[in-house]
Amino acid sequence: MAHQGDDDLTAEETPGYVAPAKKSVDEILKADADDESLKLYKNALLGTVGAAFPKDPRHVIVQKLALLVQGRPDIELDLTNLDQKKVLALKEGCTYRVRIYFYVQREIVQGLKYVQQTYKAGIRLDKSTSMVGSYAPKLDLQSYTTKDEEAPSGMIARGSYTIKSLFTDDDRNEHLKWEWKLEIKKDWD
């Protein structure tokens, strides 16, 4: 259903869900320090705690968004430069997925969520929240891929869409909030 002027870009709450108590990586590693097998297990899960970007204080650093369409090259949007005005394009009716690439550094991030609102001509058409999960800090780039979605089709569906996106967590930290454009076309061009 379309919603005029509805701009509530927040993650939907799950009734009855209570986020776990926050513990630092150091607290987790120090607990049960006398149990050697547990210590090895924790080190295997958490790895070496560090920062991919030591001068950046953020815990989650979102790098890029990609639209994945089988048999086509990934369509990417660099999220480290939000000033760019790149428009992503999809063929009407195609099946695609959204993949978000990010780093987690210094601490465990619980309950990452991806929230997306889709607008056409200023009217909100859709809002979805995807549970991404909880992530330990790693020096490696991590990613999350949404379920398959189908691009709208038909003459009325073609055109320009504005997508408002948010990467957040259980503690309601806004790791990145951005807006991007999607063009639905008759063919790939």
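Residues numbered from 1 in each chain as written. Predicted model: local features only at pLDDT ≥ 70, side-chain atom pairs only at ≥ 80, totals over all residues. Heavy atoms only, no water.

## Section: the overall build of the protein chain
Link 1 in the chain: Looking only at helices and strands, the protein chain has two helices and 11 strands in total.
Link 2 in the chain: The secondary structure elements of the protein chain, listed N-terminal to C-terminal, are β-α-α-β-β-β-β-β-β-β-β-β-β.
Link 3 in the chain: Pairs at least 24 residues apart make up 70% of the contacts formed inside the protein chain by residues separated by at least 6 positions.
Link 4 in the chain: Entry remark: accessible area of the protein chain is about 11,200 Å², with carbon and sulfur atoms responsible for 50%. (Helix = DSSP H or I, 4+ residues; strand = E, 2+ residues; numbered from the N terminus. Contact = heavy atoms within 4.5 Å. Areas by Shrake-Rupley, 256 points an atom, 1.4 Å probe, with all protein chains shown as cover.)

## Considering the environment of Ala151
Link 1 in the chain: Position of Ala151 relative to the elements: it lies in the loop between β9 (149–150) and β10 (159–168).
Link 2 in the chain: Setting aside residues up to four positions removed in sequence, Ala151 forms contacts with Leu90, Lys91, Glu92, Gly93, Cys94, Tyr96 and Ile184.

## Examining the pattern of salt bridges
A side chain of one charge can pair with a side chain of the opposite charge when the charged atoms of the two come close.
Link 1 in the chain: Counted under the stated rule, the structure contains six salt bridges.
Link 2 in the chain: One salt bridge connects Asp56 with Arg58, and the closest N-O pair in it is separated by 2.6 Å.
Link 3 in the chain: In this structure Arg58 comes out as partly exposed when scored by relative accessible area, which is 36%.
Link 4 in the chain: Ionic pairing is found between Arg97 and Asp148, a salt bridge with its closest N-O pair at 3.5 Å. (Salt bridge = Lys/Arg side-chain N within 4 Å of Asp/Glu carboxyl O. Buried < 20%, exposed > 50% of the residue type's maximum accessible area, 1.4 Å probe, protein only.)

## Looking at unusual backbone geometry
When glycine is set aside, most residues are seen to have a negative phi, and most peptide bonds are trans.
Link 1 in the chain: The residue Arg106 is not glycine, and still its phi comes out positive at about 75°.
Link 2 in the chain: Among the structural elements, Arg106 can be located in the loop between β5 (95–104) and β6 (109–120).
Link 3 in the chain: Overall, the relative accessible area of 24% leaves Arg106 in the partly exposed class.
Link 4 in the chain: Phi angles above zero are rare outside glycine, and Ala121 is one such case at about 55°.

## What to know about the packing of aromatic side chains
Link 1 in the chain: Tallying each qualifying case throughout the model produces four aromatic pairs.
Link 2 in the chain: With 5.1 Å between their ring centres and 90° between their planes, Phe102 and Tyr135 make a pair best called edge-to-face. Remark: Tyr135 occurs in strand β7 (residues 123–135) and Phe102 occurs in strand β5; sequence separation between them is 33 residues.
Link 3 in the chain: We classify Phe102 as buried; its relative accessible area is 0%.
Link 4 in the chain: The class for Tyr135 is buried, based on a relative accessible area of 15%.
Link 5 in the chain: Note that Lys64 overlies the ring of Tyr101, its terminal NZ or CZ placed 4.7 Å from the centroid. (Phe/Tyr/Trp six-rings, centres within 6.5 Å; stacked < 30°, edge-to-face > 60°. Lys NZ or Arg CZ within 6 Å of the ring centre and 35° of its normal.)

## Details of the side chain of Thr162
Link 1 in the chain: Considering the arrangement of structural elements, one finds Thr162 in strand β10.
Link 2 in the chain: Within the structure, Thr162 has its side chain in polar contact with the side chain of Lys181 (distance 2.8 Å).
Link 3 in the chain: Leave out the neighbours within four places in its chain, and Thr162 touches Gln117, Thr118, Tyr119, Glu179, Trp180 and Lys181. (Polar contact = N/O pair within 3.5 Å; in protein donor to acceptor, adjacent residues only side chain to side chain.)

## Remarks on the side chain of Thr118
Link 1 in the chain: Mapped onto the secondary structure, Thr118 falls in strand β6.
Link 2 in the chain: According to the relative accessible area criterion, Thr118 is buried, its value standing at 12%.
Link 3 in the chain: In this view, Thr118 contacts Ile123, Arg124, Leu125, Asp126, Tyr161, Thr162 and Ile163; residues no more than four positions away in its chain are not counted.

## Observations concerning the confidence of the model for the protein chain
Link 1 in the chain: Summing up the model confidence of the protein chain, the mean pLDDT is 85 and the portion of residues at 70 or higher is 80%.
Link 2 in the chain: This stretch, residues 1–5, has a pLDDT under 50; its non-local contacts, to residues over four places away or in other chains, come to nine contacts. (pLDDT = per-residue confidence, 0-100.)

## Considering the pairing of β7
Link 1 in the chain: Direction of pairing for β6 relative to β7: antiparallel, over a ladder of 10 bridges. Paired with Leu112 across the two strands is Gly133, which belongs to β7.
Link 2 in the chain: In textbook terms, the turn of a hairpin is the stretch between consecutive antiparallel strands, and for β6 and β7 this stretch comprises two residues, one of which, Ala121, has a positive phi near 55°. (Pairing = 2+ DSSP bridges.)

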